[in-house]
Amino acid sequence: MFKRIKKLENEIKDSKIEIKDLKEKLYDLKEKLYENLDKQKINELSKKYKVKINVIYEYGRYSLKINNHTVVDKKYITNCHEYIQRGELERDIKAFLYKSNKGEK
């Protein structure tokens, strides 16, 4: 009886380890998907507005640079994927272009 209980405990332990590994793989796949979607969106917007867009990660935060000008400071972008996909990136590009056309950099 004791051997059977020990065997079941080991199986549970192995299953927990396997679940943890699968969760890590799923997280990695999700991050790669987000990264690919973000790159695709940035490329589309670069072509659409004919600007060079860089989203830079520094000190745990992101900043947006358009044509080598810092447009959005690090304190406003905490989740890069949401920022890009929700349309906030496009809004900031339009605002930058509007200001640069008026001569206010």
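In every chain, residue numbers begin from 1 and rise along the written sequence. Two thresholds apply to this predicted model, a pLDDT of at least 70 for residue-level local features and 80 or more for giving and counting side-chain atom pairs, whereas whole-chain, interface and lining totals are computed over all residues. Hydrogen atoms and water are omitted, and side-chain values are computed over all heavy atoms in the structure.

Exposure above 30% relative accessible area and no salt bridge define the residues that can form patches, which grow by joining like charges within 9 Å and nonpolar side chains of Val, Leu, Ile, Met, Phe, Trp and Tyr within 5 Å. Values of accessible area rely on a 1.4 Å probe in the Shrake-Rupley scheme; residue burial ignores everything except the protein chains shown. Any Lys or Arg side-chain nitrogen located within 4 Å of an Asp or Glu carboxyl oxygen qualifies as a salt bridge. In this tally Asp and Glu are treated as negative and Lys and Arg as positive; neither His nor the chain ends contributes. Here the site of a charge means atom NZ of a Lys, CZ of an Arg, CG of an Asp or CD of a Glu. Residues E11, D14, E18, D21, E24, D28 and E31 make up a contiguous surface patch of negative charge. Numbering of helices and strands runs from the N terminus; a helix is a DSSP stretch of H or I covering at least four residues, while a strand is a stretch of E covering at least two. Tracing the backbone through its elements, the reader meets E18 in helix α1 (residues 2-49).

This part is about α1. Over its 48 residues, α1 runs 70 Å from end to end, which matches the ideal 70 Å to within 8%, given 1.5 Å per residue. Its buried side turned inward, α1 meets β1 (53-58), α2 (80-85) and α3 (88-102). Helix span, expected: 1.5 Å multiplied by one less than the number of residues in the helix. What makes two residues a contact is simply this: any of their non-hydrogen atoms within 4.5 Å.

This part is about the side chain of D92. Of note, D92 is situated in helix α3. Aside from chain neighbours lying at most four places away, what touches D92 is L64, I66, V71, V72 and Y83.

The next subject is the nonpolar core. Across soluble globular proteins, nonpolar side chains have a tendency to be buried as a group. One finds I53, L64, Y83, L89 and I93 to be the most contacted residues of the largest nonpolar core, which totals 15 residues. Those elements giving two or more residues to this core turn out to be α1, β2 (61-66), α2 and α3. When neighbours within four sequence positions are excluded, L64 is seen to be in contact with I53, N54, V55, H69, T70, V71, V72, I77, Y83, L89 and D92. The set of buried Ala, Val, Leu, Ile, Met, Phe, Trp, Tyr and Cys residues whose side-chain atoms join them within 4.5 Å is what this entry labels a nonpolar core. Accessible area is worked out with a 1.4 Å probe on protein chains only. A residue is then buried under 20% of its type maximum, exposed over 50%, and partly exposed in between.

Each aromatic pair joins two rings of Phe, Tyr and Trp (for Trp, the six-membered one) with centres within 6.5 Å, and gets the label stacked for planes under 30 degrees apart, edge-to-face for over 60, and tilted for any other angle. Enumeration over the complete set of coordinates arrives at one aromatic pair. Geometrically, the ring pair formed by Y57 and Y62 is tilted, given 4.8 Å between the ring centres and 55° between the ring planes.

Any two strands with at least two DSSP-identified bridges between them are counted as paired. Spatially, β1-β2-β3 is the arrangement adopted by the three strands of the open sheet, whose pairing is antiparallel. Either end of the sheet is taken by a strand with one partner, and the two such strands are β1 and β3 (69-72). Shown here is a sheet whose adjacent strand axes are inclined to one another by a mean of 40°, direction ignored. Where β1 meets β2, six bridges bridge the pair, whose relative direction is antiparallel. Of the residues in β2, the one forming a bridge with I53 is I66. Packed on one face of the sheet, α3 meets β1, β2 and β3 and runs near 40° to β2. Simply put, an axis is a line fit to the C-alpha atoms, just over the touching stretch for a helix, and the angle between two N-to-C directions goes from 0 to 180 degrees.

The interhelical angle for the contact between α1 and α3, taken along N-to-C directions, is 25°, at an axis separation of 11 Å. Taken together, the axis directions place α1 and α3 in an arrangement best described as roughly parallel. For the element pair α1 and α3, the recorded crossing hand is right-handed. The residues of α3 that touch α1, namely those facing I42, L45, K48 and Y49, are L89, E90, I93, K94 and L97. Under the convention adopted here, Pro, Cys and the residues Ala, Val, Leu, Ile, Met, Phe, Trp and Tyr are nonpolar, Asp, Glu, Lys and Arg are charged, and Gly plus all remaining residues are polar. Of the residues belonging to the contact of α1 with α3, the class tally is six nonpolar, no polar and three charged. Any angle between 65 and 115 degrees counts as roughly perpendicular, while under 35 counts as roughly parallel, over 145 as roughly antiparallel, and the rest as oblique. Helix crossings are classified by the rotation of the near helix relative to the far one: an anticlockwise turn of less than a right angle makes the crossing left-handed, while a clockwise turn makes it right-handed.

This next bit is on α3. Taking 1.5 Å per residue as the helical rise, α3 with its 15 residues ought to reach 21 Å, and the 21 Å between its terminal C-alpha atoms agrees with that figure. Immediately beyond the C-terminal end of α3, within one or two residues, lies G103, with a positive phi of roughly 90°.

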